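Per-entry structural report
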Amino acid sequence: MEHTLPPLPYPMDALAPQLSKETFEYHYGKHHKAYVDNLNNLQKGTEFESMALEDIVKKATGGVYNNAAQTWNHTFFWNCMKPHGGGEPSGPLADAIKSKWSSFAAFKEAFAKSAVGNFGSGWTWLVKKADGSVDIVNMGAAGTPLTTGDTPLLTIDVWEHAYYIDYRNARPKFQGAPRNLLPALMPRLANQPSFISSTKRTGESEQCPSSVCGFMLAILTTLPSSAMKAIASGIRVFFIQKHC
């Protein structure tokens, strides 16, 4: 079963100037596509050739795992971004954040600090634990909550290729300094199936259709000052929108 590069949920220039069209041309059009192509080549003649993408991530090791996980992680990441999204959290999600970090402001600072401090290449995740609590988890390389039993709610890519075109080596500008990070998660936390369905052909995204009860995650940026032009001054809106 051949994997395909899922389409972006918005035009490549939709998040400019915070993320430029050129960044998407390279990050999505070259890096993400390379993971998909590598996975298709590596799985040939193996047990993984007929497996769904999520199942491969959960079972594989080595190169097959790395490319499968990066294929899944990037698709999740793109679906974490949406133009003009946002909103404050409410209900169980707000309660879970307050229980963990005492306030939404403290969560924002913790998420930014964790992302900036995630050494090397990897991903910073907001996850829902089995007991219903939420936590921030740093994972290296192709790390993904699919292998830990946590439910991924939100992620940011901290591989250098995610931001080098727009921000060069200034990761704190891409991640957002803690005081400028302005994520807003909305509106509810509930049991969440992944937006990538294991019943679909591997590599294809469900795009959160109304028939699937899940969450669409979004990230946008805001510019609090002319000196902070970027996700640099902060990832402006993280929102989780339920589709049922």
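The following refers to the structure shown. Computed from a predicted structure; not experimentally measured.

Notes on unusual backbone geometry
Most peptide bonds take the trans configuration, and most residues that are not glycine carry a negative phi. Phi is positive for S102, which is not a glycine, with a value near 80°. Following the sequence through the fold, S102 ends up in the loop between α4 (91-101) and α5 (104-116).

Some details on the pairing of strand β2 (residues 134-140)
Relative to β2, strand β1 (residues 122-128) is paired through seven bridges, and the arrangement is antiparallel. Among the inter-strand pairings, T124 is bridged to a residue of β2, identified as N138. The antiparallel pairing of β1 with β2 creates a hairpin that spans five residues between the two strands, and G132 there sits at a positive phi of about 95°.

Details of the side chain of T71
Here T71 lies in helix α3 (residues 62-78). Residue classification places T71 among the buried positions, given a relative accessible area of 0%. In this structure, T71 is in contact with H32, Y35, V36, L39 and L53, ignoring residues within four places of it in sequence.

Topic: the sheet that holds β1
Working definition: the strands of a sheet are paired by backbone hydrogen bonds and lie parallel or antiparallel to each other. Read from one edge to the other, the open sheet built from three strands follows the order β2-β1-β3, with strand pairing classed as antiparallel. One side of each edge strand has no neighbouring strand; the edge strands of this open sheet are β2 and β3 (151-157). Pairwise comparison of adjacent strand axes, ignoring direction, gives a mean angle of 25° for this sheet. Of the pairings in the sheet, the one linking β1 to β3 comprises six bridges and is antiparallel in character. What sits directly across from K128, in β3, is T151.

Structural notes on α5
With 13 residues, α5 should cover 18 Å at 1.5 Å per step; its first-to-last C-alpha distance of 18 Å lies within 8% of that length. Within α5, burial applies to F104, F107, K108, F111, A112, S114 and A115. Along α5, the residues classed as buried sweep out an arc of 165° about the axis, all on the same side.

What counts and what doesn't
Residues numbered from 1 in each chain as written. Predicted model: local features only at pLDDT ≥ 70, side-chain atom pairs only at ≥ 80, totals over all residues. Heavy atoms only, no water. Helix = DSSP H or I, 4+ residues; strand = E, 2+ residues; numbered from the N terminus. Pairing = 2+ DSSP bridges. Buried < 20%, exposed > 50% of the residue type's maximum accessible area, 1.4 Å probe, protein only. Contact = heavy atoms within 4.5 Å. Axes fitted to C-alpha atoms, helices over the stretch in contact; angles between N-to-C directions. Expected span 1.5 Å × (residues − 1). Arc of directions from axis to C-beta.

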